[in-house]
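Listed below, chain by chain, are the residues.
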Amino acid sequence: MQRIVGPILHLKQGDSQTWRFTLSVWARRESRASRAHQLALMFDSTSQATADPTPRDAGGFHDGRWLIWNVSIPRRATELETSYRLEGFTDGAVEVDRVVVPAVDQAPRIAFFSCNGVQHPEDWTTQPEMERLWNQMHERHNAPTNPDGSAGPYHVLVGGGDQLYCDEIWHGVPELRALNTWAKRRQAKVRPALRREIEAIYASFYARWRVSWSADLLARIAGLYIWDDHDIFDGWGSYEDSLQQCEVFKAIFAVAQKAFMLFQLGGDLRPGRSLCLDPQGGHFLQALHFPAQLDVLALDLRSQRTQGQVMAETQWSALKKYLQDREATGGTAPHLLVVSSVPVVYLNFAAAEKFLDWLPWRQTLEDDLRDQWESPAHQEERARLIMTLFDHAKTAQTRVTILSGDVHVGARGRITSRRPEHLLGQETEEVMHQLTSSAIVYPPPRALTLAGMRVIAKEGPVELSAISHVETEVVPLGARHFLLGQNNWLSIEPDLTWPSSRQQLWVRWISEDGDVPPPLVIRPR
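Quick caveat: nothing in here was measured; it's all calculated off a predicted structure.

### Some thoughts on the packing of helix α10 (residues 313-328) against helix α13 (residues 379-396)
At a minimum axis distance of 10 Å, the contact between α10 and α13 shows a crossing angle of 10 degrees. Viewed along their axes, α10 and α13 adopt a mutual orientation that is roughly parallel. Our pair here, α10 against α13, has a crossing hand that is right-handed. Residues E313, W316, L319, L323, R326 and E327 of α10 form the contact with α13, whose participating residues are E381, R384, L385, T388, H392, T395 and A396.

### Quick word on the pattern of salt bridges
A full pass over the atoms with the stated rule returns 36 salt bridges. Ionic pairing is found between R140 and D515, a salt bridge with its closest N-O pair at 3.0 Å. With R140 in helix α2 (residues 132-141) and D515 in strand β22 (residues 514-515), this pair connects stretches of sequence that are 375 residues apart. Linking R414 and E473 is a salt bridge whose minimum nitrogen-to-oxygen distance equals 3.7 Å. Taken together, the positions of R414 in strand β16 (residues 411-417) and E473 in strand β19 (residues 470-475) put the pair 59 residues apart, joining distant regions of the chain. Given a relative accessible area of 30%, R414 falls into the partly exposed group. E473 gets classed as partly exposed once you look at its relative accessible area, which sits at 22%. Through salt bridges that share partners, R56, D268, R270 and R273 make up one connected network.

### Description of the sheet that holds strand β13 (residues 294-298)
Two strands in a sheet stick together by hydrogen bonds in their backbones, pointing the same way (parallel) or opposite ways (antiparallel). Spatial strand order, β12-β13-β14-β15-β17-β16-β19-β18: eight strands in an open sheet with mixed pairing. In this open sheet, the two edge strands, each paired with only one partner strand, are β12 (286-290) and β18 (462-463). Relative to strand β17 (residues 430-436), strand β15 (residues 399-404) runs parallel, the two sharing four bridges. When the bridges of β17 are listed, T401 appears paired with H433.

### Some words on the pairing of strand β11 (residues 222-225)
In β11, alternate side chains face the same way, and those of A222 and L224 on one face and G223 and Y225 on the other are all buried. Looking at chain direction, strand β10 (residues 156-159) and β11 are connected through four bridges and run parallel. When the bridges of β11 are listed, G159 appears paired with Y225.

### Quick word on the environment of V5
Residue placement: V5 occurs in strand β1 (residues 2-12). Each C-alpha atom, one on V5 and one on L194, is 24 Å from the other, the two residues being 189 residues apart in sequence. Leaving out residues up to four positions away in the same chain, V5 has contacts with V25, W26, Y206, A207, W209 and R210.

### With respect to unusual backbone geometry
That bond from S438 to A439 is cis: its omega, 5 degrees, falls within 30 degrees of zero. Note on placement: A439 falls in the loop between β17 and α14 (447-457). Cis rather than trans, the peptide bond between P517 and P518 has omega equal to -15 degrees. Topologically, P518 is positioned in the loop between β22 and β23 (520-522). The backbone phi angle of Q397 is positive, close to 50 degrees, even though this residue is not glycine. Structurally, Q397 can be placed in the loop between α13 and β15. You can call Q397 partly exposed: its relative accessible area is 46%. Its identity as a non-glycine residue notwithstanding, H408 has a phi of 70 degrees, on the positive side.

### Brief notes about the packing of aromatic side chains
Aromatic rings in a pair are described by how distant their centres are and how their planes are angled relative to each other. All told, the structure shown has 28 aromatic pairs when counted by the stated rule. Between F113 and W134 the ring centres are 4.8 Å apart and the planes differ by 65 degrees, which places this aromatic pair in the edge-to-face class. Of the two residues, F113 is situated in strand β9 (residues 110-113) and W134 in helix α2; the sequence distance between them amounts to 21 residues. Here F113 falls in the buried class, since its relative accessible area comes to 2%.

### Topic: the sheet that holds strand β7 (residues 80-87)
The three strands lie next to each other as β3-β7-β8, forming an open sheet whose pairing is antiparallel. The open sheet is flanked by β3 (40-43) and β8 (94-101), the only strands paired with a single partner. The sheet shows a mean angle of 20 degrees between the axes of neighbouring strands, direction not considered. As defined by bridge partners, β7 adjoins β8 across six bridges and the pair is classed as antiparallel. When the bridges of β8 are listed, L86 appears paired with V94.

### Remarks on the pairing of strand β20 (residues 488-494)
Counting buried positions along β20 gives seven out of seven residues, so the element sits mostly inside the fold. Both faces of β20 are covered, namely the face carrying N488, L490, I492 and P494 and the face carrying W489, S491 and E493. Summarising the sheet, β9 and β20 pair through three bridges and their orientation is antiparallel. Paired with A111 across the strands is S491, a residue of β20. Bridging between β20 and strand β21 (residues 505-511) involves seven bridges; their strand directions are antiparallel. Note on β21: the bridge partner recorded for S491 is R508.

### Quick word on the side chain of S24
Of note, S24 is situated in strand β2 (residues 18-28). Apart from the residues within four sequence positions on either side, S24 is in contact with G6, P7, I8, H10, W66, L67, I68 and G266.

### Comments concerning the packing of helix α6 (residues 192-207) against helix α9 (residues 247-264)
In contact at an axis separation of 10 Å, α6 and α9 are set at 35 degrees when each is read in the N-to-C sense. Crossing geometry of α6 relative to α9 is assigned as right-handed. Where α6 abuts α9, its residues R195, I198, E199, Y202 and Y206 lie against A251, I252, V255, A256, K258, A259, F260, F263 and Q264. The class makeup of the residues in the contact of α6 with α9 is ten nonpolar, one polar and three charged.

### A few points about the nonpolar core
Core analysis: the biggest nonpolar cluster contains 115 residues, and I169, L176 and Y202 have the highest contact counts within it. Element by element, the count of residues in this core is highest for α9, at eleven residues. Excluding residues that lie within four positions of it along the chain, I169 makes contacts with L176, I198, I201, Y202, F205, F233 and I252. By size, the runner-up hydrophobic cluster in this structure holds 43 residues, among which are L301, V310, Y322 and M387.

Quick notes on the rules
- Residues numbered from 1 in each chain as written.
- Predicted model: local features only at pLDDT ≥ 70, side-chain atom pairs only at ≥ 80, totals over all residues.
- Heavy atoms only, no water.
- Axes fitted to C-alpha atoms, helices over the stretch in contact; angles between N-to-C directions.
- Helix = DSSP H or I, 4+ residues; strand = E, 2+ residues; numbered from the N terminus.
- Parallel < 35°, antiparallel > 145°, perpendicular 65-115°, else oblique.
- Left-handed = near helix turned anticlockwise from the far one by under 90°.
- Contact = heavy atoms within 4.5 Å.
- Salt bridge = Lys/Arg side-chain N within 4 Å of Asp/Glu carboxyl O.
- Buried < 20%, exposed > 50% of the residue type's maximum accessible area, 1.4 Å probe, protein only.
- Pairing = 2+ DSSP bridges.
- Phe/Tyr/Trp six-rings, centres within 6.5 Å; stacked < 30°, edge-to-face > 60°.
- Nonpolar A, V, L, I, M, F, W, Y, C, P; charged D, E, K, R; others polar.
- Core = buried A, V, L, I, M, F, W, Y, C linked by side-chain atoms within 4.5 Å.

Purely spatial values, then, with no claim about function.
Laid out in structure tokens, this is it:
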């Protein structure tokens with residue numbers, strides 16, 4: 001068999017004693033004699049890893065098959081470094097080192113990124129320039145760990161949306177290129193040949209991962225990924241219903257969804273095998289528990305989005321049940337990281353409207369604002385999310401932190417509640433931090449654009465819609481930045497010197513110039 005893309009590691013639910021993930025490869029049969037049972041996966045024997053003897057075929061995509069091995073590795077009193085070898089592919093064996101498993105009850109070191117691509121092919125320059133931050137992350141992954149737990153290899157890779165850009169779909173498929181008006185797109189019929197062409201071009205988008213510098217990390221760090229619009233195409237979910245429900249849009253979405261389920265979710269949504277809370281795939285809300293230290297909850301802001309809603313009631317119900325179950329377990333992890341691909345706190349919409357008449361980038365800003373939580377159409381639902389998280393933080397006595405991407409700058413938001421029902425003990429306020437990291441590859445905004453964004457963002461605290469004593473605000477990131485106008489990613493590291501078992505977290509924005517000082521400290525409640 002010929003390897004097209006992979007290996008890719010996808011994190012699965014483990015426990016305090018066992019680290020679990022799947023290893024996947026997208027491969028092409030070169031002849032009828034090619035069989036998956038001819039492939040072999042072998043881990044360093046000292047790791048005591050157990051893996052499926054042969055991969056499971058999770059289905060086809062375009063001209064390849066998605067092959068999955070389940071892997072389990074015992075956790076130890078100290079971190080474990082291991083390696084593996086894949087044999088049986090026609091292009092030779094694949095050897096991967098520096099796969100690191102956290103110690104028993106150790107909170108994982110997490111690398112968070114978003115916006116891994118470009119919207120237009122002409123925006124791509126050279127790999128060394130566009131993907132330098134992936135190389136930087138790889139160097140940091142290879143560095144030794146400091147005594148306090150900072151730096152050193154990553155255990156978890158979190159993609160916060162736009163792991164690739166599929167906007168070329170409208171130019172790369174001739175039949176879609178001819179649909180150059182909204183009316184033509186609404187009226188077009190989708191033939192089987194067009195469906196095949198759509199799948200072929202999405203296959204070409206994901207095939208780029210083979211040559212990306214991210215491939216080395218996808219093969220070494222077990223990942224959790226949520227999608228955003230560019231994983232489908234620009235603006236998905238924010239178009240009017242007549243477009244969202246037309247044959248062409250639905251056909252593209254179906255292929256993008258199939259690809260996402262394989263390449264980014266790992267290809268197995270069966271209960272007990274997937275982090276997704278809806279095994280039927282109606283939405284991709286995901287939850288991951290690291291015993292005693294932290295949990296990760298990844299919202300799906302695209303599958304059910306319309307101009308009037310971000311998440312449908314089915315996802316809200318699943319979110320509510322997850323939080324209730326988390327509260328009922330007792331001994332709740334001190335940190336809950338909530339991944340929202342679109343920032344909950346960003347540009348003040350009312351302030352932005354004041355500037356639209358004179359800004360040269362008016363249309364781009366209008367499109368982006370319509371897609372944001374802070375759009376007037378989504379304000380009520382945004383308030384519902386914020387209040388739901390504050391309620392949970394009080395009941396579970398946990399620290400909630402939001403991770404987001406999308407907006408092509410690094411930013412820090414603060415959501416503050418002074419409502420008595422959200423406070424513990426002698427607290428006078430409860431704060432949720434929002435950490436926005438974008439983009440790892442997408443070109444940063446131009447100076448004029450960034451200047452306008454900074455003006456709009458600096459409007460100060462804004463009271464949450466129709467709710468008193470809850471405010472949102474964009475606050476400075478580090479000592480020298482309000483908005484970070486450079487490519488960046490986030491490093492989230494437990495402080496192993498913290499005297500309590502409820503560890504505090506160090507958060508570092510890392511740009512092309514290195515760490516952005518000082519790091520942000522997030523303490524447990």
